[in-house]
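Structural overview
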Amino acid sequence: MRHLTLSDLSLALDHLVEQRREALLSCAAGRSYLPLLERQRAAVRPLPEALTAGEPFSEALVAVDARHDAYARAIFHMTEAYEKLALVDPELARSARAIRKAFVPQLGMLHAAYADEAEHAVAREPLLEELRPQLERIPVAGGATLDAWVRAMLGEAGKLAELLYERAQKGGVSQGDAARARSGTLALLTRLRGAVRDEVAADTGLAPNLDDDLFGYLDELDLARAGGRAQPPPPPPVSVRPTTQASGQA
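Residues numbered from 1 in each chain as written. Predicted model: local features only at pLDDT ≥ 70, side-chain atom pairs only at ≥ 80, totals over all residues. Heavy atoms only, no water.

A few points about the overall build of the protein
The condition is simple: The helix count covers DSSP runs of H or I at least four residues long, the strand count covers runs of E at least two residues long, and both are numbered beginning at the N terminus. Remark: exposure states derive from per-residue accessible area (1.4 Å probe, protein chains only) relative to the maximum for the residue type, with buried under 20%, exposed over 50%, and partly exposed in between. Any two residues whose heavy atoms approach within 4.5 Å are treated as being in contact. A 1.4 Å probe and the Shrake-Rupley method give the accessible areas. Residues count as covered only by the protein chains that appear here.
A tally of regular secondary structure across the protein gives 13 helices and 0 strands. When the elements of the protein are put in sequence order from the N terminus, they spell out α-α-α-α-α-α-α-α-α-α-α-α-α. Across the 250 residues of the protein, 43% fall into the buried class. In the protein, once contacts between residues fewer than 6 apart in sequence are set aside, the share between residues at least 24 apart is 74%. When the accessible surface of the protein is split by element, carbon and sulfur atoms take 55% of a total near 12500 Å².

Focus: a nonpolar patch on the surface
We count it as follows: Surface patches are defined over residues having more than 30% relative accessible area and no salt bridge, joining like charges when they lie within 9 Å and nonpolar side chains (Val, Leu, Ile, Met, Phe, Trp, Tyr) when within 5 Å. Salt-bridge detection follows one rule: a side-chain nitrogen of Lys or Arg within 4 Å of a carboxyl oxygen of Asp or Glu.
On the surface, Leu85, Leu87 and Val88 cluster together into a nonpolar patch covering about 350 Å² of accessible area. Tracing the chain through its elements places Leu87 in the loop between helix 5 (58-83) and helix 6 (90-103). Taking relative accessible area as the criterion, Leu87 reaches 87% and is therefore assigned exposed.

What about the packing of aromatic side chains?
Note the threshold: Two rings from Phe, Tyr or Trp (for Trp, the six-membered ring) form a pair when their centres sit within 6.5 Å of each other. Planes less than 30 degrees apart are called stacked, planes more than 60 degrees apart edge-to-face, and all others tilted. Charge-over-ring contacts are defined here by two conditions on Lys NZ or Arg CZ: a distance within 6 Å of the ring centre and an angle within 35 degrees of the ring normal.
Inspection of every chain in the model, using the stated rule, returns 0 aromatic pairs. When the ring centre of Phe76 is taken as origin, the NZ or CZ atom of Arg100, which lies over that ring, is 5.6 Å away.

Some points on helix 3 (residues 28-44)
Heads up, the rule is: Multiplying one less than the number of residues by 1.5 Å gives the expected span of a helix. The angle between axes fitted to the seven-residue stretch ending at a residue and the seven-residue stretch beginning at it gives the bend at that residue.
Between its first and last C-alpha atoms helix 3 spans 25 Å; for 17 residues at 1.5 Å apiece the expected length is 24 Å, and the two agree. The largest bend along helix 3 reaches roughly 40 degrees and is located at Leu34, with the proline Pro35 sitting one to four residues downstream. Buried within helix 3 we find Ala29, Gly30, Tyr33, Leu34, Leu37, Gln40, Arg41 and Val44.

What to know about the packing of helix 1 (residues 6-19) against helix 3
Basically, it comes down to this: For helices, the fitted line uses only the C-alpha atoms of the stretch in contact; every axis is such a line through C-alpha atoms, and the angle between N-to-C directions lies from 0 to 180 degrees. The scheme is simple: roughly parallel for angles under 35 degrees, roughly antiparallel for over 145, roughly perpendicular for 65 to 115, oblique for anything else. It is the rotation of the near helix from the far one that decides the hand of a crossing: anticlockwise by less than a right angle makes it left-handed, clockwise makes it right-handed. Residues were grouped as follows: Ala, Val, Leu, Ile, Met, Phe, Trp, Tyr, Cys and Pro as nonpolar; Asp, Glu, Lys and Arg as charged; and all remaining residues, including Gly, as polar.
Where helix 1 meets helix 3, the axes come as close as 10 Å, and the angle between the chain directions of the two elements is 140 degrees. When the interaxial angle is binned, helix 1 and helix 3 end up oblique. Seen from above, helix 1 lies across helix 3 with left-handed handedness. Each of Leu6, Ser10, Leu13, Asp14, Leu16, Val17 and Glu18 in helix 1 lies in contact with helix 3, whose residues at this interface are Leu34, Leu37, Glu38, Gln40, Arg41 and Val44. In the contact of helix 1 with helix 3, the residues fall into 7 nonpolar, 2 polar and 4 charged.

Things to note about the confidence of the model for the protein
Here is the rule we go by: Known as pLDDT, the predictor's per-residue confidence is scaled from 0 to 100.
Confidence in the prediction of the protein, expressed as mean pLDDT, is 83, and 81% of residues score 70 or more. Per-residue pLDDT, averaged within each element of the protein, yields its smallest value for helix 13 (residues 245-248) (42) and its largest for helix 9 (residues 132-135) (95). Below a pLDDT of 50 lies the segment residues 239-250, which in the model reaches 21 contacts outside its immediate sequence neighbourhood of four places, other chains included.

A closer look at helix 6
Counted at 1.5 Å a residue, the expected span for helix 6 with its 14 residues is 20 Å, and the 20 Å between its end C-alpha atoms agrees. Residues of helix 6 that are buried include every one of Leu92, Ala93, Ser95, Ala96, Ile99, Arg100, Ala102 and Phe103, and no others.

Some details on the environment of Gly184
One can find Gly184 in helix 11 (residues 175-201). For the pair Gly184 and Gln40, spaced 144 residues apart in sequence, the C-alpha separation works out to 8.2 Å.

Considerations on the nonpolar core
In plain terms, the rule: What we call a nonpolar core is a set of buried Ala, Val, Leu, Ile, Met, Phe, Trp, Tyr and Cys residues that are connected through their side-chain atoms within 4.5 Å.
In terms of nonpolar packing, the biggest core is built from 26 residues, with Leu16, Leu37, Leu192, Val196, Leu210 and Leu214 touching the most fellow members. Among the elements of the structure, helix 1, helix 2 (21-25), helix 3, helix 11 and helix 12 (210-226) are those that each provide at least two residues to this core. When sequence neighbours within four positions are dropped, the list of residues in contact with Leu214 reads Leu16, Arg20, Ala23, Leu24 and Val196. Judged by nonpolar contacts, the second largest core, of 23 residues, contains Leu146, Met153, Leu154 and Ala157.

A closer look at the packing of helix 1 against helix 12
With their axes 9 Å apart at the nearest point, helix 1 and helix 12 run at an angle of 165 degrees to one another. Considering the angle they form, helix 1 stands roughly antiparallel to helix 12. Crossing of helix 1 over helix 12 shows right-handed handedness. In contact with Asp8, Leu9, Leu11, Ala12, His15 and Leu16 of helix 1, helix 12 contributes Leu214, Phe215, Tyr217, Leu218, Leu221 and Arg225. Here the contact of helix 1 with helix 12 is composed, by residue class, of 9 nonpolar, 1 polar and 2 charged.

Here it is as structure tokens:
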């Protein structure tokens, strides 16, 4: 869900609290999380549109982040491949391991907020010169070396930082506020979804499709953003109370 804007998450909160309220109240997890959802919703709503929405710069941010992530994944897998040669060429394997540790230690980092990705890149720029011999030892397509890919990835991260700064200036608020609100909302929704799934799996008589009923719109928002769509899809119509397994058998 790394492509979701804070505006998208605000829509998801509205959808859960208002249109899926009855479904939330049908399970213990929903009942316990509802006050937390309402509190998070109240915290997000006052933030200026320029900070919460995909606009301004939403399409540019998504495009730049996609290029950054493409280079990062390529670097991760390329170094992983060369590390497999430890028995054949130990020095090359050590170089690959050092590069991955320095620049893309794990793919999970690509799920971080834009601001975190940019900060990570800025902190690692000094390593470019230190690791240049190792970077230039590994060739990539087009006659270049891994040095070119790493520089391109860091360059895209720098563009992320510039866009975030411009957006924050336009909104007149700190981008840190947006990042914290976004990560907090994502964490809350993720914990709720996990609790709902656990409750359904425990055979409590809840509808087996409760997860889709509650979080289907969130998934639609995520798919739309991942596909480069600038405007979020409209929420689905209000649903009826989910049919429980027990009533479905009646």
